[in-house]
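# Notes for the structure review
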Amino acid sequence: MKTFKTLLILSVFAITSAFTVNSIKGYKVGDTVEDFSLKNIDGKKISLKDYNKAKGIILVFTCNHCPFSKMYEDRIIALDKKYKNLGYPVVAINPNDPAVSPGDDFESMKERAKTKGFTFPYLFDEGQKVYPKFGATRTPHVFVLSKKEDNSMVVSYIGAIDNNSGNANEASEKYVEAAVDNLLAGKAPVTTETKAIGCSIKVAK
């Protein structure tokens, strides 16, 4: 019964997401990303230029409350552990307005990161200035960035982490892993864009 209820809740979220109109214009694959500076849960500001030794970044827009975000937390941690030392660390950003989404405030972010043992920065998009530039619409929503010779970051993949939000073991397509593996091999990702399924980003009306 518990499993059925969980699947029912996820189905409602998925249907809602599927019919949410994306009116946000943002980066496309191949676009160069502007640097940004956001506050991490340790109180320090973090920007893309801080990753001068990295080959790229796995940038994930996520949050505390969304059931999809919660289901993917362990997978996001696993991505960071697998690829950080290979040059593609994870950087997570919470894009939600806490006035609209209770539980997505900065203090709750710190608590969630501690509880789950996040191994990566968890940044707060205060004022919601960064996520619209990317065109993120869901949590989670991933943007794999790769570094060019001039040290600028370009978008190489946009979308979902894999094709099974409910069960990581049953995911037959691991989109982010495939994209990063391609980039590490000096190739362009075969799949550059998929549909991110999750909760809509919460914005004050």
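Quick notes on the rules
Residues numbered from 1 in each chain as written. Predicted model: local features only at pLDDT ≥ 70, side-chain atom pairs only at ≥ 80, totals over all residues. Heavy atoms only, no water. Core = buried A, V, L, I, M, F, W, Y, C linked by side-chain atoms within 4.5 Å. Buried < 20%, exposed > 50% of the residue type's maximum accessible area, 1.4 Å probe, protein only. Helix = DSSP H or I, 4+ residues; strand = E, 2+ residues; numbered from the N terminus. Contact = heavy atoms within 4.5 Å. 1 Å grid on protein atoms, 1.4 Å probe; cavity = no way out; pocket = protein on both sides within 12 Å on 5 of 7 lines; lining within 4 Å. Points joined across faces, edges and corners; volume = space filled by probe spheres on them. Nonpolar A, V, L, I, M, F, W, Y, C, P; charged D, E, K, R; others polar. Salt bridge = Lys/Arg side-chain N within 4 Å of Asp/Glu carboxyl O. Pairing = 2+ DSSP bridges. Axes fitted to C-alpha atoms, helices over the stretch in contact; angles between N-to-C directions. Arc of directions from axis to C-beta.

In the nomenclature of an unreviewed UniProt entry, the chain is known as AhpC/TSA family protein of Tenacibaculum adriaticum.

## A look at the nonpolar core
Counting 27 residues, the largest nonpolar core has I58, V144 and V176 as its most contacted members. The set of elements that each furnish at least two residues to this core consists of β4 (56-61), α2 (67-83), β5 (90-94), α3 (106-116), β6 (122-124), β8 (141-147) and α5 (175-184). Residue contacts for V144: discarding those within four places in its chain leaves I57, Y88, V154, V155, S156, Y157, V176, V180 and L183. By size, the runner-up hydrophobic cluster in this structure holds 24 residues, among which are I46, L59, F143 and L145.

## Digging into the layout of surface pockets
Of the volumes computed, that of the second largest pocket is approximately 160 Å³. Of all the elements in the fold, those that place two or more residues in the lining of the second largest pocket are α2 and α5. Looking at the lining of the second largest pocket, the element that brings in the most residues is α2, giving 5 residues. For the lining of the second largest pocket, the per-class residue count stands at 7 nonpolar, no polar and 5 charged.

## Comments concerning the pattern of salt bridges
Under the criterion given, the structure shown has 7 salt bridges. With its nearest N and O atoms 3.0 Å apart, the salt bridge here joins K84 to D80. Since its relative accessible area comes to 37%, K84 is described here as partly exposed.

## A closer look at empty space enclosed by the protein
Applying the stated criterion across every chain, the model contains 2 cavities of 30 Å³ or more. In terms of lining, the largest cavity is formed by T62, C63, N64, E73, I76, R112, F118, F120 and Y122. Here the residues of the lining of the largest cavity are counted per class, giving 5 nonpolar, 2 polar and 2 charged. Approximately 30 Å³ is the volume found for the second largest cavity. Every residue lining the second largest cavity is listed: F36, I46, S47, L48, Y51, I57, L59 and V91.

## Quick word on the sheet that holds β4
Reading across the sheet, the 8 strands line up as β1-β9-β8-β4-β5-β6-β2-β3 and stay open at both edges, with mixed pairing between neighbours. In this open sheet, the two strands that pair with only one neighbour each are β1 (32-33) and β3 (45-47). Pairing of strand β2 (residues 37-40) with β3 involves 3 bridges; the strand directions are antiparallel. Bridge pairing in β3 places L38 opposite I46. Docked against the sheet, α5 engages β4, β8 and β9 (153-159), running at close to 5° with respect to β8.

## Observations regarding α3
Among the residues of α3, those classed as buried are F106, S108, M109 and A113. The buried residues of α3 occupy one face: seen down the axis, they fall within an arc of 155°. Exposed positions of α3 whose direction lies more than 90 degrees from the buried face are E111, K114 and T115. One or two steps after α3, the chain reaches G117, where phi turns positive at roughly 70°.

## Description of the environment of N151
Of note, N151 is situated in the loop between β8 and β9. Its relative accessible area of 52% is what places N151 among the exposed residues.

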